[in-house]
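Spelled out from the first residue to the last, the chains are:
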Number of protein chains: 2
Amino acid sequence: MKNTILILLVISTLLFLTTSIQSQTSEWNEVAPGVWKMAQGTPEKLDLFSAAGIKPSIDGLAKLGPAPFPLSPDKIEVQTANGSTFLRFPLEMEERIFGFGLNFKTVYQRGRILQLHVDHYGGADNGRTHAPVPFYVSDRGYGVFVNSSRYLTVYAGTGVRKDSPDAPEERDRNTDSKWTSQPQSDAVEILVPAPGVEIYVFAGPTILDAVRRFNLYSGGGCLPPRWGLGFTQRVPTLYTSEQVINESRAFEERGFPLDFIGLEPGWQSRSYPCTLEWDSSRFPNPPEFVKAMKDLGIRLNLWTNPYISSKASFYKEILPFTGSHTVWGGVVPDLSIPRAAEILIEQIDKSQVSIGISGYKIDESDGYDRWLWPDVALFPSGNTAEQIRQTYGLFLQKMTTDLFRKKNQRTYGLTRSSNGGGASFPYVIYNDYYSHEDFITALINSGYSGVLWTPEVRSSKTGEEWLRRFQSVCFSPMAMINAWSSGTKPWSFPEVESEVKEYALLRMQLIPYLYSEFAKYHFEGTPPFRGMNLEPGFDLKSIEETLNTDLNEDPYGEAVLKEIKDQYMTGEYLLVAPLFTGQTTREVVLPGGKWFDFYSGRYAGEQEVIKVTPGLGKIPVFVKDGAIVPMMKPVLHSPSAGQKYDLEIRYYGSAPGFYRLYDDDGETFDYEKGIYSWREIKVSADRKGKLTGTISKAGKGKPDNIGQVTWRFMTSK
Amino acid sequence: MKNTILILLVISTLLFLTTSIQSQTSEWNEVAPGVWKMAQGTPEKLDLFSAAGIKPSIDGLAKLGPAPFPLSPDKIEVQTANGSTFLRFPLEMEERIFGFGLNFKTVYQRGRILQLHVDHYGGADNGRTHAPVPFYVSDRGYGVFVNSSRYLTVYAGTGVRKDSPDAPEERDRNTDSKWTSQPQSDAVEILVPAPGVEIYVFAGPTILDAVRRFNLYSGGGCLPPRWGLGFTQRVPTLYTSEQVINESRAFEERGFPLDFIGLEPGWQSRSYPCTLEWDSSRFPNPPEFVKAMKDLGIRLNLWTNPYISSKASFYKEILPFTGSHTVWGGVVPDLSIPRAAEILIEQIDKSQVSIGISGYKIDESDGYDRWLWPDVALFPSGNTAEQIRQTYGLFLQKMTTDLFRKKNQRTYGLTRSSNGGGASFPYVIYNDYYSHEDFITALINSGYSGVLWTPEVRSSKTGEEWLRRFQSVCFSPMAMINAWSSGTKPWSFPEVESEVKEYALLRMQLIPYLYSEFAKYHFEGTPPFRGMNLEPGFDLKSIEETLNTDLNEDPYGEAVLKEIKDQYMTGEYLLVAPLFTGQTTREVVLPGGKWFDFYSGRYAGEQEVIKVTPGLGKIPVFVKDGAIVPMMKPVLHSPSAGQKYDLEIRYYGSAPGFYRLYDDDGETFDYEKGIYSWREIKVSADRKGKLTGTISKAGKGKPDNIGQVTWRFMTSK
């Protein structure tokens with residue numbers, strides 16, 4: 001009898017563990033070239049793509065061309081049981097994976113366990129972050145996205161199954177020196193706490209292609225207005241309109257560039273919770289104020305958070321569409337109900353956008369748990385508090401983006417949270433954390449997840465720190481001083497004022513290059529800021545050997561240094577390697593191909609680790625052989641629509657140079673109707689080595705804002 | 001049309017948020033005196049109480065007497081929606097709550113958000129700990145237990161509902177200096193990720209009564225064997241039987257007490273994963289070895305973890321009852337299937353317990369996530385990986401406890417995890433963390449959650465640290481040096497060897513007192529080690545004022561010092577206030593009533609904060625007025641069953657003294673059949689102030705091991 005039960009149990013166990021959970025090729029539908037989707041169980045209505053309202057860039061995906069399904073479908077296992085969905089994707093030996101959102105300390109995600117949960121970053125890469133995007137890419141050239149608005153638990157190569165054909169050898173810890181506390185795992189496993197989910201697979205062939213396909217499927221990366229790439233300053237909380245105007249004048253007088261300025265909570269009549277209305281004592285005449293600023297060439301960005309005060313004029317209207325719990329006494333709109341977003345947008349439009357406000361800083365949509373609504377909160381849509389938490393940043397970005405699109409006016413702002421599918425939103429993530437080193441790692445990771453991140457400058461203990469942070473932020477999606485609390489200005493540290501100005505102006509000079517790189521983000525999916533592992537010439541193996549050779553004295557160094565998380569690519573050609581406070585020298589990993597110093601054009605190295613000692617005044621930047629970097633004059637405000645600007649085109653090294661320069665009006669959404677130009681820039685040498693550059697015409701009926709062109713061949717023989 | 005939809009939405013919203021979620025008196029069933037249960041939705045089969053197999057001590061609960069339901073049922077709200085269950089319990093203004101398991105840094109839990117999750121403690125009180133017990137008590141005199149084996153998210157007074165009658169006033173952060181980032185909440189809210197759950201409420205009237213009722217309902221606290229309260233040493237991993245015998249002799253020769261010794265992984269033929277079989281090279285003749293140790297008066301405790309090697313003799317037998325994933329290559333028995341536990345117990349009995357092994361150290365049943373099975377693992381019982389994680393420590397304790405009970409032989413061991421309902425298991429929690437300060441806070445918190453904790457001594461940088469840690473561990477449930485890795489001995493720091501010996505022997509002297517206090521844990525539910533907030537004379541308000549007065553120079557000190565987390569009660573009478581490395585002086589909060597120095601009997605203070613400078617050789621211990629502390633001689637091994645021991649009864653202060661001394665055979669479960677004695681000790685003064693002590697007889701047919709009685713009246717006039 002006992003044996004019979006045992007046998008039955010064995011059989012049912014085996015059935016339970018293996019019943020039809022491997023995916024079939026037929027279950028994967030190719031929804032766009034190189035993009036496959038599978039629906040497991042009963043997917044929930046509110047998912048990330050639906051919250052973001054993605055419109056895949058089929059054109060862009062088509063241009064990337066067809067590709068085979070990049071994994072063996074039978075190695076992907078999916079199962080729904082007990083109300084949860086279990087996903088398993090294969091990992092090969094030594095396969096590396098990247099992504100899972102905006103991590104701050106780690107680039108390689110294999111071996112990590114994360115619970116993806118929108119939150120303010122708390123100092124540990126555990127899945128709680130501003131954009132915990134359930135997307136990863138592999139160096140084997142594919143990407144996986146789990147389209148769920150739930151807190152997903154991710155085992156990124158940690159679990160080992162007893163029935164795995166690749167199960168690691170069992171070892172005796174008592175006597176075997178090769179015993180390890182974390183035996184090799186052959187899978188990424190993900191727990192979706194819902195009875196179903198949509199999964200997407202993105203083809204390569206390269207890791208960058210997989211990222212591109214993900215971004216294009218999300219609608220393509222955002223294309224900011226040209227002014228968005230200029231410099232921005234955020235003023236102290238209780239500044240008045242007069243103080244803001246004075247601050248703007250001070251920038252002009254001191255010769256510091258400024259394109260937009262950010263007002264903090266004090267512009268509102270009440271904040272935390274918010275009224276979304278002007279404070280009449282500090283801002284007695286908003287339309288006049290906005291106009292005065294416009295006359296100075298400066299746009300305005302407004303801070304807000306989404307928690308609504310009972311004193312707001314639209315409070316009674318929004319109340320039925322709010323959740324059970326309050327945040328700082330404010331009600332929480334259920335933005336998964338379209339009418340809730342409409343009510344907010346009506347107020348924002350009427351009071352602010354219609355008088356010329358250019359964008360928003362949307363605060364506190366992320367966390368911490370102790371501030372936001374609890375997971376036990378109920379929302380009138382019936383969506384869970386967890387789902388609302390995971391998608392709130394997407395909804396906030398979408399509703400404001402849609403408003404500006406309706407006005408055919410681009411915006412560029414700040415958000416504290418985002419998620420998968422948000423690549424097309426013109427928002428940059430920021431936070432309250434302030435490690436310069438980790439800010440750079442976040443910048444690298446943003447490029448794997450379809451989000452943008454600014455390593456903002458806030459305050460500093462020393463002029464050195466101020467300058468080092470400032471140099472970094474000038475090579476990021478948003479060149480910003482966030483002085484709402486500190487009141488610092490670019491010139492607050494006189495000992496480095498001229499160096500700070502030099503980089504603020506260099507940022508302005510780089511706008512043609514940066515703008516083109518953002519256009520590639522939009523049209524081709526290529527992230528404008530990205531990690532070295534996405535760089536085609538980055539041959540990790542050989543560099544690791546180099547690093548190991550250098551590290552004989554530190555046997556533990558190897559594991560750490562395999563992650564290159566302190567240097568990154570700005571667009572196609574610029575390798576940026578920031579220094580941090582206290583450093584006078586650092587190592588830079590140069591990928592394959594020759595590299596040149598950005599400032600001098602001198603040869604720097606090739607597929608090697610070099611040591612640089614740039615001095616405090618410089619952030620090391622290296623340029624690829626054959627690189628073309630189109631720059632403009634160091635103006636204080638970015639060119640407005642139709643305004644001509646001259647180009648200085650720099651060329652480095654000796655390889656044939658090629659660049660595609662993007663142009664449009666820089667302000668409207670007309671580019672979505674094809675009103676833009678790609679101009680080809682080429683540099684080549686004749687038989688005697690004399691260099692010549694050419695730039696193609698904009699094309700008939702295409703925007704053409706380029707005035708004079710000057711050529712600078714940076715590398716002398 | 002739009003308006004109609006709006007109205008419908010408003011109505012459905014209101015219905016959704018208020019539909020019959022308040023509990024009714026009728027739904028609460030009094031399952032024992034002062035204990036109520038309610039079943040919400042469809043509770044899951046595997047819960048904490050069922051895993052622990054609790055047998056409520058109805059006798060003990062009856063003695064505590066009847067009590068009214070301690071809350072307004074209509075202020076408790078419960079609801080099941082979307083597959084989850086939402087619980088809400090009221091909180092009054094300034095109400096304090098304690099518990100939620102083995103926290104290491106905080107005593108007051110109000111204002112905290114926790115996800116209760118069995119794990120190795122990771123340095124932050126976030127719910128991930130060795131015993132994340134879903135039980136809290138309030139200083140308003142009641143307790144609440146959520147009988148769920150899920151990861152519960154607890155908002156312990158953080159969420160604010162918009163419809164709360166006590167909702168805090170909305171404030172404008174721009175201008176109102178009273179604005180706070182965490183407005184007052186009026187509820188504890190708990191998310192149970194399951195479609196139902198059992199909830200229990202425990203009456204007071206005091207906070208300690210609520211704790212007692214919880215412990216008694218769990219079966220009463222454990223009563224260790226008398227030898228369990230003696231000293232224990234754990235030897236290095238690869239020690240042989242000969243080395244263990246030599247180590248035991250060294251203790252004897254040097255005059256250090258030793259009751260049991262712990263063997264680490266090397267006793268097994270393979271470990272991590274384990275065979276649960278002796279290693280024949282290091283332990284060629286286990287029965288002989290166990291007997292040799294017994295002859296030395298030393299019992300043996302064996303390390304193990306529950307992950308089974310493919311080389312184990314019973315591997316094939318256990319295999320069908322294991323989960324989908326391995327831990328260090330070992331299979332994971334599904335202990336919610338009785339047969340799985342039986343197979344393990346058969347091996348343990350045959351190979352170890354039957355030859356005289358006295359207990360176990362059950363390792364790695366807690367975490368970290370990167371080591372244990374993932375939440376995506378599947379188990380043959382159909383219970384989820386989450387449920388197995390939350391209950392694994394309970395199952396492991398239960399199966400071994402049951403084995404020893406079957407042999408009518410008490411055990412006392414170590415476990416790395418436990419949970420609600422485990423109070424009766426004779427296991428002490430330990431971990432790999434090593435902050436002396438936090439170890440003391442954990443000792444305090446253990447008393448709120450029905451678990452035991454040892455602030456074990458492992459290694460130390462200095463003699464000072466060694467002695468300070470040693471002093472603390474002697475006033476804890478298990479006086480242990482855990483030297484598996486360090487190889488330290490009590491005499492490893494010669495400069496403090498005599499002081500260490502003094503405390504090791506003091507521990508032995510205190511056994512009659514400690515044993516009686518554990519008997520009160522078992523029969524009356526009173527935790528033997530507990531925080532000051534459970535002390536009747538501890539008038540927090542007045543002490544807070546005192547503390548504030550002392551803290552004028554540190555305006556932020558107040559919030560921290562309100563938590564008294566560095567002193568605790570050992571049993572009824574001893575207040576222990578450890579010093580930490582680097583300290584020469586510290587403050588001690590004395591509750592109401594007179595207190596006396598344990599060592600000298602001198603008056604120390606009353607309802608005040610005193611400063612003490614005890615010197616390195618002393619750990620401050622204070623004794624209540626009228627305290628009676630029965631002690632025995634400083635022997636090296638605790639008395640065995642039937643062995644007589646002399647008593648020295650100490651008396652402090654001048655109030656009438658009363659103590660109930662417990663006695664039984666100290667080794668078997670015969671006390672469960674009533675074979676034990678409570679003897680009354682009294683001290684009183686005659687008209688001239690001359691003190692006289694009396695001790696009652698054991699009673700006919702009751703155990704009587706007490707030899708000569710000496711009286712020491714410690715406080716001179």
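This one's a predicted model, so the numbers in the text were calculated from it and none came from an experiment.

About the criteria used
- Residue numbers here run from 1 along each chain, matching the order of that chain's written sequence.
- Throughout, the order in which chains and ligands are written sets their labels, letters from A for the former and numbers from 1 for the latter.
- In keeping with the model being predicted, local features are shown solely for residues with a pLDDT of at least 70 and side-chain atom pairs are shown and tallied solely at 80 or more, while totals for entire chains, interfaces and linings include all residues.
- Excluding hydrogens and water, the side-chain figures rest on all heavy atoms present in the structure.
- Helix numbers and strand numbers start at the N terminus; a helix is a DSSP run of H or I with at least 4 residues, a strand a run of E with at least 2.
- Computation of the radius of gyration draws on C-alpha atoms alone. For the globule rule, the value is 2.2 Å times the number of residues to the power 0.38.
- Burial classes: relative accessible area under 20% of the type maximum marks a residue as buried, over 50% as exposed, and values in between as partly exposed (1.4 Å probe, protein chains only).
- Contacts are residue-level and defined by heavy atoms, with any inter-residue pair within 4.5 Å sufficient.
- Residue-level accessible areas treat just the shown protein chains as cover; the underlying method is Shrake-Rupley with a 1.4 Å probe.
- Note that His is not counted, nor are the chain ends; the positive residues are Lys and Arg, and the negative ones are Asp and Glu.
- We put the charge of a Lys on NZ, of an Arg on CZ, of an Asp on CG and of a Glu on CD.
- The copies were overlaid with a least-squares fit restricted to C-alpha atoms from residues scoring a pLDDT of at least 70 in each copy.
- The quantity reported as buried area is the accessible area (1.4 Å probe) lost by two parts once they are put together, taken as the sum for both.
- Salt bridge, as applied in this entry: a Lys or Arg side-chain nitrogen positioned within 4 Å of an Asp or Glu carboxyl oxygen.
- Polar contacts, as counted here, are pairs of nitrogen or oxygen atoms within 3.5 Å of one another; within protein the pair requires one atom able to donate a hydrogen and one able to accept it, and residues that are adjacent in sequence qualify only if both atoms are side-chain atoms.
- For two strands to be treated as a pair, DSSP must find at least two bridges joining them.
- What counts as a ring pair is set by centres within 6.5 Å for rings of Phe, Tyr and Trp (its six-membered ring), and what kind of pair is set by the plane angle: stacked under 30 degrees, edge-to-face over 60, tilted for all other angles.

Side note on the overall build of chain A
Then step 1. Of the regular secondary structure elements, chain A holds 15 helices and 34 strands.
Then step 2. On C-alpha atoms alone, chain A measures out to a radius of gyration of 26 Å, which is about the 27 Å that the 2.2 N^0.38 rule sets for 717 residues.
Then step 3. Over its C-alpha atoms, taken along the principal directions, chain A stretches across nearly 95 × 75 × 55 Å.
Then step 4. Within the span of chain A, comprising 717 residues, buried residues form 64% of the whole.
Then step 5. Taking contacts inside chain A between residues at least 6 apart in sequence as the whole, the part at least 24 apart equals 74%.
Then step 6. With the model as given, the accessible surface of chain A reaches about 25000 Å², and the carbon-plus-sulfur share is 52%.
Then step 7. Between the averaged position of the 76 positive side-chain charges in chain A and that of its 84 negative side-chain charges there is a distance of 4 Å.

Considering the relation of the copies chain A and chain B
Then step 1. Screw-axis analysis of chain A against chain B gives a translation of 0.0 Å along the axis, an RMSD of 0.0 Å, and a rotation angle of 180 degrees. Those values place the two copies in the arrangement expected of a two-fold rotation axis. For chain A, the smallest separation between a C-alpha atom and the rotation axis is recorded for A:Gly83, amounting to 4.0 Å.
Then step 2. When the interface residues of chain A are mapped onto chain B, 99% of them again fall at the interface, so both copies present the same face.

Quick look at the interface of chain A and chain B
Then step 1. Of the residues lining the interface, 69 residues belong to chain A; the matching set on chain B comes to 68 residues.
Then step 2. Each partner contributes to the roughly 5900 Å² buried at the junction of chain A and chain B, and carbon and sulfur atoms together form 58% of this total.
Then step 3. For chain A, the biggest contributors to the area lost against chain B are A:Lys162, A:Glu170 and A:Asn174; these three give 13% of the whole.
Then step 4. Where chain A touches chain B, the interface holds 2 salt bridges.
Then step 5. Here chain A is connected to chain B by 38 residue pairs in polar contact (both at pLDDT 80 or more).

Some words on the sheet that holds strand 3 (residues 77–81) of chain B
In a beta sheet, neighbouring strands are held together by backbone hydrogen bonds and run either parallel or antiparallel to one another.
Residue and element names in this part refer to chain B.
Then step 1. In space, the 6 strands of this open sheet follow the order 3-4-12-10-6-7, with mixed pairing throughout. Edge positions in the open sheet fall to strand 3 and strand 7 (128–129), since each of these has one partner strand only.
Then step 2. The pairing of strand 6 (residues 112–118) with strand 10 (residues 152–156) spans 5 bridges and is antiparallel. Its bridge partner lying in strand 10, Ile113 is registered against Tyr155.

Quick notes on the side chain of A:Ser248
Then step 1. Within the secondary structure, A:Ser248 sits in helix 5 (residues 241–254).
Then step 2. Dropping the residues within four chain positions of it, A:Ser248 is found in contact with A:Leu258, A:Ile261, A:Met293, A:Leu296 and A:Ile298.

Concerning the packing of aromatic side chains
Then step 1. Under the definition given, this model contains 123 aromatic pairs over all chains.
Then step 2. With a centroid separation of 6.3 Å and an interplanar angle of 70 degrees, the aromatic rings of A:Phe518 and A:Tyr521 are classed as edge-to-face. Taken together, the residues A:Phe518 and A:Tyr521, both in helix 13 (residues 511–524) and 3 residues apart, mark about one turn of the helix.
Then step 3. An aromatic cluster of at least three residues, connected via ring pairs, comprises A:Trp179, B:Tyr272, B:Trp303, B:Tyr307, B:Trp328, B:Tyr368, B:Trp371, B:Trp373, B:Phe379 and B:Tyr392.

So far we have only geometry, and geometry alone does not tell us how the molecule works.
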